[in-house]
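Here is how the chains run, residue by residue.
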Number of protein chains: 2
Amino acid sequence: MSEVFDETVTEELSAYGRARRHAMLMGGAALAATATAGLLSEKVRAGTVGKAEKPVEFLFAIYPNGTLLDFAGPNEILSRIPNTNVRFASPAGGLVTLEKGVVFGPTEKLSDIDKVDVICVPGALDLSAMMKPEILTHIRKLSETAQYVTSVCTGSIILAAAGVLKGRRSACHWAFLNVLKEYGAIPDPARIVKDGRFMSGGGVTAGIDFGVAIAAELRGAQAAQEVQLLVQYDPQPPFHAGNPLEAPPNVRDAVYKMLPGSEHGLMRPIL
Amino acid sequence: MSEVFDETVTEELSAYGRARRHAMLMGGAALAATATAGLLSEKVRAGTVGKAEKPVEFLFAIYPNGTLLDFAGPNEILSRIPNTNVRFASPAGGLVTLEKGVVFGPTEKLSDIDKVDVICVPGALDLSAMMKPEILTHIRKLSETAQYVTSVCTGSIILAAAGVLKGRRSACHWAFLNVLKEYGAIPDPARIVKDGRFMSGGGVTAGIDFGVAIAAELRGAQAAQEVQLLVQYDPQPPFHAGNPLEAPPNVRDAVYKMLPGSEHGLMRPIL
């Protein structure tokens with residue numbers, strides 16, 4: 001048994017997994033939805049917010065050495081949701097060189113933006129570009145007035161370092177999850193976590209699940225499901241190795257070795 | 001019942017789904033792997049190719065107006081696989097402006113590349129940048145000598161138009177699937193399709209499943225599963241709406257209306 005998750009949390013995770021598998025076996029969309037129904041607010045379940053008139057300003061705060069898929073996943077959902085304006089910003093603005101040397105843009109300059117409806121901070125191994133005091137201060141400022149404060153992967157460590165997740169439950173990449181405690185946030189190993197106006201996804205690929213969930217929050221379950229069908233999000237991983245509790249032991253142990261401290265959820269990001 | 005898939009194929013799809021769900025219920029990684037074991041070659045199942053010494057040259061052939069996630073998904077897997085050199089090329093080289101105006105790069109100029117081990121053509125609604133005779137000729141040339149010829153989403157329509165999929169089974173985005181027939185390819189609604197040295201993924205997000213599967217082909221099941229754990233690929237969609245056979249009817253019908261012809265897998269891409 002992995003030591004990443006404490007026992008209470010493992011039990012919750014398993015219950016979630018059982019509910020989800022049961023729902024999948026039953027085959028009905030409504031039943032599948034029950035597995036995460038607890039995550040979604042009443043207005044979403046009722047499907048009544050799909051036709052809101054004011055465009056939602058959704059900001060991805062990206063940065064040098066960031067992980068592309070952390071935001072490319074949810075972007076593919078949110079950029080197809082009606083009446084939602086997806087924007088990108090970075091510390092310096094312009095084109096951003098991400099992890100592995102790929103370039104993405106264009107981005108606005110983060111400090112030029114005063115207010116958005118949703119801020120989403122994606123993750124990376126190297127968070128150093130965001131850890132400067134003036135950047136964290138601006139992230140905190142945007143977070144104070146945003147309707148939703150969100151993250152994917154280790155982006156939650158940036159939000160936590162900015163001081164906006166104190167006492168809040170948050171997801172994170174499993175290998176880094178317990179680093180959140182150092183900033184007063186409450187690590188939650190679920191793939192999608194919602195705590196009031198704070199929503200977060202787990203590691204990298206969890207951004208897609210998060211993207212569908214926040215799309216439903218913003219524009220209703222019908223709109224979110226339409227986009228899920230548009231991007232054919234019916235995942236069928238060829239192996240069952242996507243989390244440390246269920247990966248084959250030799251796979252899990254190889255990754256524990258690759259990411260020192262990850263066995264305890266205490267892999268260090270570059271800060 | 002959707003008319004996208006003919007009945008034989010629907011039966012195969014259901015059998016696959018049942019096997020997969022059974023495997024998930026049983027909870028074991030080995031059992032989960034059985035669901036797609038038929039897709040993977042003997043060397044992958046035996047896990048004997050993980051330490052090959054020659055780097056694999058893996059090329060994403062991208063283009064203006066392409067869909068970011070189609071290649072950002074598999075790239076996140078393949079760029080983490082040992083001894084694999086991921087490259088990007090486009091018709092003009094340099095930075096490429098994708099769908100929704102996002103810019104990605106850098107890319108090599110496609111015509112400057114003579115040979116790669118794997119060519120992967122991602123998809124889009126607008127395929128026109130790749131439909132020029134000289135580009136299709138170059139795609140065909142690279143495909144003739146590649147070890148694997150691959151695609152995600154409607155990228156298979158580009159490969160088919162280049163004449164390299166005649167008589168081959170291929171995946172495609174469900175809404176466009178039957179367009180493949182017009183080029184002599186055999187539409188296959190599975191999420192990951194392997195026909196000899198031809199491998200393909202379905203629509204957009206299927207690129208991640210495809211990425212894990214081709215990583216296993218190239219570098220072994222152990223390496224592929226380690227990366228699956230690194231990117232926490234344990235998908236948990238909040239809704240069950242990712243394919244037209246299982247999406248709620250109101251969701252499916254709204255998307256059928258959005259994409260004319262998609263009910264019969266005959267939505268027209270821009271060519």
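The structure displayed is predicted, hence computed values, not measured ones. (Residues numbered from 1 in each chain as written. Chains lettered and ligands numbered in written order. Predicted model: local features only at pLDDT ≥ 70, side-chain atom pairs only at ≥ 80, totals over all residues. Heavy atoms only, no water.)

1. Focus on the overall build of chain A
- Helix and strand counts for chain A stand at nine helices and ten strands.
- Of all intrachain contacts in chain A linking residues separated by at least 6 positions in sequence, the fraction that spans at least 24 positions is 67%.
- Accessible surface for chain A amounts to roughly 9600 Å². Of this, 55% is attributable to carbon and sulfur atoms. (Helix = DSSP H or I, 4+ residues; strand = E, 2+ residues; numbered from the N terminus. Contact = heavy atoms within 4.5 Å. Areas by Shrake-Rupley, 256 points an atom, 1.4 Å probe, with all protein chains shown as cover.)

2. Focus: the pattern of salt bridges
- This model, assessed by the stated rule, comprises 22 salt bridges over all chains.
- Of the charged contacts in the structure, one is a salt bridge between Glu108(B) and Arg87(B), with a shortest N-O distance of 2.9 Å. Of the two residues, Glu108(B) is situated in strand β4 (residues 103–109) and Arg87(B) in strand β2 (residues 84–90); the sequence distance between them amounts to 21 residues.
- The closest approach of N and O atoms between Lys141(B) and Asp114(B), which form a salt bridge, is 3.4 Å. Remark: Asp114(B) occurs in the loop between β4 and β5 (118–121) and Lys141(B) occurs in helix α5 (residues 133–145); sequence separation between them is 27 residues.
- On the basis of relative accessibility, which here comes to 39%, the residue Lys141(B) falls in the partly exposed class.
- Ionic contacts of the salt-bridge type, sharing partners, join the residues Glu57(A), Arg87(A) and Glu108(A) into one network. (Salt bridge = Lys/Arg side-chain N within 4 Å of Asp/Glu carboxyl O. Buried < 20%, exposed > 50% of the residue type's maximum accessible area, 1.4 Å probe, protein only.)

3. Section: the nonpolar core
- Judged by nonpolar contacts, the single largest core of 170 residues is most densely connected at Ile139(A), Leu68(B) and Ile139(B).
- Not counting chain neighbours up to four residues away, the residues in contact with Leu68(B) comprise Leu68(A), Ala72(A), Asn75(A), Glu76(A), Phe104(A), Leu98(B), Val102(B) and Phe104(B). (Core = buried A, V, L, I, M, F, W, Y, C linked by side-chain atoms within 4.5 Å.)

4. Re the relation of the copies chain A and chain B
- Least-squares fitting of chain A to chain B yields an RMSD of 0.0 Å, with the transformation described by 0.0 Å of translation along the axis and a rotation of 180°. In symmetry terms, the pair is related by a two-fold rotation axis. For chain A, the minimum C-alpha distance to the rotation axis belongs to Phe104(A) and amounts to 2.4 Å. (Least-squares fit on C-alpha atoms with pLDDT ≥ 70 in both.)

5. Concerning the packing of helix α4 (residues 68–78) of chain A against helix α4 (residues 68–78) of chain B
- At a minimum axis separation of 9 Å, α4(A) and α4(B) run at an interaxial angle of 145°. In the packing of α4(A) onto α4(B), the handedness of the crossing is left-handed. Residues Leu68(A), Leu69(A), Ala72(A), Gly73(A), Asn75(A) and Glu76(A) of α4(A) touch α4(B), and the partners they reach there are Leu68(B), Leu69(B), Ala72(B), Gly73(B), Asn75(B) and Glu76(B).
- The class makeup of the residues in the contact of α4(A) with α4(B) is six nonpolar, four polar and two charged. (Axes fitted to C-alpha atoms, helices over the stretch in contact; angles between N-to-C directions. Left-handed = near helix turned anticlockwise from the far one by under 90°. Nonpolar A, V, L, I, M, F, W, Y, C, P; charged D, E, K, R; others polar.)

6. Notes on the domain arrangement of chain A
Residue and element names in this part refer to chain A.
- Along its sequence, chain A is organised into domain 1 (56–231) and domain 2 (239–270).
- On a C-alpha basis, the centroid separation for the pair domain 1 and domain 2 is 23 Å.
- Counting residues at the interface gives twelve residues for domain 1 and twelve residues for domain 2.
- Our count for the contact surface shared by domain 1 and domain 2 stands at nine residue pairs in polar contact (both at pLDDT 80 or more). (Domains from an automatic or database assignment. Polar contact = N/O pair within 3.5 Å; in protein donor to acceptor, adjacent residues only side chain to side chain.)

7. Quick notes on the interface of chain A and chain B
- In this assembly, 76 residues from chain A lie in contact with 76 residues from chain B.
- Around 7200 Å² of area is buried between chain A and chain B when both sides are counted, 63% of it from carbon and sulfur atoms.
- Counting the surface chain A buries against chain B, the share from its top three residues, Leu229(A), Gln232(A) and Phe239(A), is 12%.
- On inspection of chain A and its partner chain B, the count reaches two salt bridges.
- Two residues, Glu99(B) and Arg80(A), come together in a salt bridge whose shortest N-O distance is 3.2 Å.
- Along the contact surface separating chain A from chain B lie 34 residue pairs in polar contact (both at pLDDT 80 or more).
- Looking at the side of chain A that touches chain B, the elements that each hand over two or more residues are α1 (7–26), α2 (29–37), α4, β4 (103–109), α7 (206–219), α8 (221–230) and α9 (249–258) of chain A.
- Top element by residues in the side of chain A that touches chain B is α8(A). It accounts for eight residues.
- The residue inventory of the side of chain A that touches chain B, partitioned by class, reads 43 nonpolar, 21 polar and twelve charged.
- Note that β4(A) and β4(B) share three bridges and pair antiparallel. Each bridged residue has a counterpart across the sheet, and for Phe104(A) the counterpart in β4(B) is Phe104(B). (Buried area = accessible area lost by both parts, 1.4 Å probe. Pairing = 2+ DSSP bridges.)

8. Examining unusual backbone geometry
- Note that the residue after Gly105(A), namely Pro106(A), is joined by a cis bond; omega there is -15°.
- Looking at the element boundaries, Pro106(A) is found in strand β4.
- At Cys153(B), a residue that is not glycine, the phi angle is positive and equals roughly 60°.
- On the basis of relative accessibility, which here comes to 4%, the residue Cys153(B) falls in the buried class.

9. Some points on the environment of Ala161(B)
Residues and elements named next belong to chain B.
- Here Ala161 lies in helix α6 (residues 155–161).
- Judged by its relative accessible area of 22%, Ala161 is partly exposed.
- Along the sequence, Ala161 and Ile139 sit 22 residues apart, while their C-alpha atoms lie 9.9 Å from each other.

10. Quick notes on α8(A)
All names here are of chain A.
- Across the ten residues of α8, nine count as buried, placing the element largely inside the fold.
- Of all the residues in α8, the buried ones are Ala221, Ala223, Ala224, Gln225, Glu226, Val227, Gln228, Leu229 and Leu230.
- Positive backbone phi, approximately 45°, marks Gln232, located one or two places after α8.

11. Observations concerning the packing of aromatic side chains
- Applying the stated criterion across every chain yields a total of 14 aromatic pairs over all chains.
- Judged by centre distance (5.0 Å) and plane angle (55°), the ring pair of Phe58(B) and Phe60(B) falls under tilted. No difference in accessibility class separates Phe58(B) from Phe60(B), as the two residues are buried.
- Ring pairs connect the aromatic residues Phe58(A), Phe60(A), Phe71(A), Phe88(A) and Phe104(A), which therefore count as one cluster. (Phe/Tyr/Trp six-rings, centres within 6.5 Å; stacked < 30°, edge-to-face > 60°.)

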